[in-house]
Amino acid sequence: PGRAWPLRPDPFWSFAHYPTHLLADTTGVRATGLPPGRLDAIHGNGMVTYAHAALPSLEGVKQVLSLLRTDQEQTVSDLATGCDAATRSILAQALLFLAKYDFVRLSP
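Let me sum up the structure you'll find in this document.

What counts and what doesn't
Residues numbered from 1 in each chain as written. Predicted model: local features only at pLDDT ≥ 70, side-chain atom pairs only at ≥ 80, totals over all residues. Heavy atoms only, no water. Pairing = 2+ DSSP bridges. Helix = DSSP H or I, 4+ residues; strand = E, 2+ residues; numbered from the N terminus. Contact = heavy atoms within 4.5 Å. Axes fitted to C-alpha atoms, helices over the stretch in contact; angles between N-to-C directions. 1 Å grid on protein atoms, 1.4 Å probe; cavity = no way out; pocket = protein on both sides within 12 Å on 5 of 7 lines; lining within 4 Å. Points joined across faces, edges and corners; volume = space filled by probe spheres on them. Nonpolar A, V, L, I, M, F, W, Y, C, P; charged D, E, K, R; others polar. Salt bridge = Lys/Arg side-chain N within 4 Å of Asp/Glu carboxyl O. Buried < 20%, exposed > 50% of the residue type's maximum accessible area, 1.4 Å probe, protein only. Phe/Tyr/Trp six-rings, centres within 6.5 Å; stacked < 30°, edge-to-face > 60°. Core = buried A, V, L, I, M, F, W, Y, C linked by side-chain atoms within 4.5 Å. Expected span 1.5 Å × (residues − 1). Bend = angle between axes of the 7 residues up to and from the residue.

### A short note on the sheet that holds strand S1 (residues 28-31)
The sheet built from 3 strands is open, its strands ordered S2-S1-S3 with antiparallel pairing. The strands lining the two open edges of the sheet, one partner per strand, are strand S2 (74-75) and strand S3 (104-107). Sheet topology note: the S1/S2 ladder contains 2 bridges and is antiparallel. Within the sheet, the bridge partner assigned to Val 29 lies in S2 and is Gln 74. Along the sheet, helix H6 (residues 85-100) contacts S1 and S3; its crossing angle with S3, the most-contacted strand, is approximately 110°.

Here's what the structure looks like:
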């Protein structure tokens, strides 16, 4: 994998062997309803800013969040089909970021 800075490897690569479930095309995704404005504070927090080189941009994460629904579960595949190529390229990382901060729920 490519690394922006060798002293801080991509966390998605470094911890790839830890998850209980892997994100797959069939993984269900549902927004939790947290306000998108909270992303600004989270993305600017020092616990996140150190990893900006390895994370999708704030605008990209917000774009992915805007595709999600609270009233219906969608699959990763459905989301990928319904978005442009730029958003599709960051979809997995953005969904995992959103799940970490409770903006989405993932179901295997």
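### Considerations on the layout of surface pockets
Of the pockets and cavities examined, the largest pocket occupies roughly 830 Å³. Along the wall of the largest pocket there are 26 residues; nearest its centre are Phe 12, Phe 15, Leu 96, Phe 97 and Lys 100. Among the elements that take part in the lining of the largest pocket, H6 stands out by supplying 6 residues, more than any other. Residue composition of the lining of the largest pocket, by class: 20 nonpolar, 5 polar and 1 charged.

### A closer look at the pattern of salt bridges
As enumerated under the stated definition, the model contains 3 salt bridges in all. The closest approach of N and O atoms between Arg 69 and Asp 71, which form a salt bridge, is 2.9 Å. Note that Asp 102 is salt-bridged to Arg 105, the shortest N-O span being 2.0 Å. Judged by its relative accessible area of 48%, Arg 105 is partly exposed.

### Overview of the packing of aromatic side chains
Within this structure, the stated rule accounts for 2 aromatic pairs. Between Phe 15 and Tyr 18 the ring centres are 5.5 Å apart and the planes differ by 40°, which places this aromatic pair in the tilted class. Between Phe 97 and Tyr 101 the ring centres are 5.0 Å apart and the planes differ by 55°, which places this aromatic pair in the tilted class.

### Comments concerning the nonpolar core
In this structure, Leu 39, Leu 68, Leu 95 and Leu 98 are the most contacted members of the largest nonpolar core, which totals 23 residues. At the level of secondary structure, the elements contributing two or more residues to this core comprise S1, helix H2 (38-44), helix H4 (58-66), helix H5 (76-81) and H6. Top element by residues in this core is H6. It accounts for 6 residues. With residues near it in sequence (within four places) discarded, Leu 39 still touches Leu 58, Val 61, Lys 62, Leu 65, Phe 97, Leu 98 and Phe 103.

### Remarks on H6
With 16 residues, H6 should reach 22 Å at 1.5 Å per residue; the first-to-last C-alpha distance of 24 Å fits that figure. Along H6, the sharpest kink reaches roughly 55°, centred on Leu 91. Contact partners of the buried residues in H6: S1, H2, helix H3 (46-49), H4, H5 and S3.

Function cannot be read off these values alone, since they describe shape.
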